[in-house]
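Fold and contact review
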Amino acid sequence: ARGRGAGLAATLFTGVAVLAWGPGLESARAQETADLGSRIGATPDGTVRFSYEAREGVCGDGGHISIGDRDHEHGDWECEPGPIQVEIEKNGDRIVDLDMWVGSRTLRDAPRTDLGTVGAREAAEYLLSLARVAPGDVGDEVLGAASLAADVVIWPELLDMARDRTLNTDTREAAIFWLAQLAGDRATEDLEAIVRSDDETDVKEAALFGLSQLPDGAGFDALMTVAREGDDPELVQASLFWLGQTGDERAIALFEEILARD
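Presented here is an overview of the structure given in this document. For clarity, every value in this text was computed on a predicted model and none was experimentally measured.

Focus: helix α8 (residues 201-213)
Along an α-helix, residues three or four positions apart point the same way, because every turn accommodates 3.6 residues. The end-to-end C-alpha distance of α8, which contains 13 residues, comes to 19 Å, matching closely the 18 Å that a straight helix rising 1.5 Å per residue would cover. If you check which residues of α8 are buried, you get V203, K204, E205, A206, A207, L208, F209, G210 and L211.

Here it is as structure tokens:
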């Protein structure tokens, strides 16, 4: 749990803030999504690039990405506001790789095909459809790119993907990660259900990490329950790790209680 969750957090962004909700994805946009997919499908093999508007507060330097206050200090790197840049590597009908970044400081070779700017909703819907069929390592990056699109709400689709046991584990874990960022405390019940009932330990551990990321300690009680009552040693250990990151006095008291048993 530590490696998976911490790796995602460190790689994809710093300074996380809970993202705003808005109107749901509309089925009327299906044709636009198909149009983007068709445009990409019609391009020659190689790299295809497109860009779209980022959520408010998203910035980057071409390598790092930050979600939050644009005036936040970013150490030795300068955070430029969006747009989101996506580059796809395709071979025939297969998407074999995807790269996503914000900012222009990292130099990249010119793509084989550049589609320019597309609508954020169109991009998000295309990326969500791609995540369901892409390899797990690609699906992870795809969901990050979809989650940063401006003025769209994708958490219902992420929840559906998190619950879909036919999808590969990497994609489900990524869906859980971004669900926690987008849905805030409303995700608590759904993440708890995944911990209780899913068949895959890795997915359960991802849900525990998601609970640890909820704002205002919304997932704290659920983590405490797993730590106290869980019968899976791996999940108990993962819960204790994320509780330890909170610094909460209740977690410290639990550690003392556990140590006193020995």
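Still more to cover.
So, the packing of aromatic side chains
For any pair of aromatic rings, the description consists of the separation of the ring centres together with the inter-plane angle of the planes. Scanning the entire structure with this criterion turns up six aromatic pairs. Taking 4.8 Å as the distance between ring centres and 55 degrees as the angle between the ring planes, the aromatic pair formed by F209 and W242 counts as tilted. Note that F209 is positioned in helix α8 and W242 in helix α10 (residues 233-244), a separation of 33 residues in sequence. We note that F209, like W242, is buried. Of the aromatic side chains, those joined through ring pairs into one cluster are F177, W178, F209, F241 and W242. When the ring centre of W101 is taken as reference, the NZ or CZ atom of R108 above it lies at 3.7 Å.

Focus: the sheet that holds strand β1 (residues 46-52)
Pairing between the strands of a sheet comes from backbone hydrogen bonds, and it takes one of two forms, parallel or antiparallel. As summarised here, the arrangement of the four strands in space is β6-β5-β1-β7, forming an open sheet in which the pairing is mixed. The sheet is open, and its two edges are formed by β6 (94-102) and β7 (113-117), each paired on a single side. Shown here is a sheet whose adjacent strand axes are inclined to one another by a mean of 15 degrees, direction ignored. Here three bridges tie β1 to β7, and the two strands are oriented parallel to one another. Looking at the pairing, V48 lines up with T113 of β7. The strands that helix α3 (residues 120-131) touches are β1, β5 (84-91) and β6; relative to β1, the one it contacts most, it runs at about 135 degrees.

Focus on unusual backbone geometry
Looking along the chain, the bond that leaves G82 and enters P83 is cis, with omega of 15 degrees. Mapped onto the elements, P83 comes out in the loop between β4 (80-81) and β5. Positive phi is not limited to glycine here, since D151 has a value of about 60 degrees. Mapped onto the elements of the fold, D151 is located in the loop between α4 (136-147) and α5 (155-163). On the basis of relative accessible area, D151 is assigned to the exposed category, the value being 62%.

A look at the sheet that holds β4
Taken in spatial order, the three strands of this open sheet run β3-β2-β4, and their pairing is antiparallel. The open sheet has two edge strands, β3 (65-67) and β4, and neither has a second partner. Pairing of strand β2 (residues 58-60) with β4 involves two bridges; the strand directions are antiparallel. The residue of β4 that forms the bridge with G60 is E80.

Rules behind the numbers
Residues numbered from 1 in each chain as written. Predicted model: local features only at pLDDT ≥ 70, side-chain atom pairs only at ≥ 80, totals over all residues. Heavy atoms only, no water. Helix = DSSP H or I, 4+ residues; strand = E, 2+ residues; numbered from the N terminus. Expected span 1.5 Å × (residues − 1). Buried < 20%, exposed > 50% of the residue type's maximum accessible area, 1.4 Å probe, protein only. Phe/Tyr/Trp six-rings, centres within 6.5 Å; stacked < 30°, edge-to-face > 60°. Lys NZ or Arg CZ within 6 Å of the ring centre and 35° of its normal. Pairing = 2+ DSSP bridges. Axes fitted to C-alpha atoms, helices over the stretch in contact; angles between N-to-C directions. Contact = heavy atoms within 4.5 Å.

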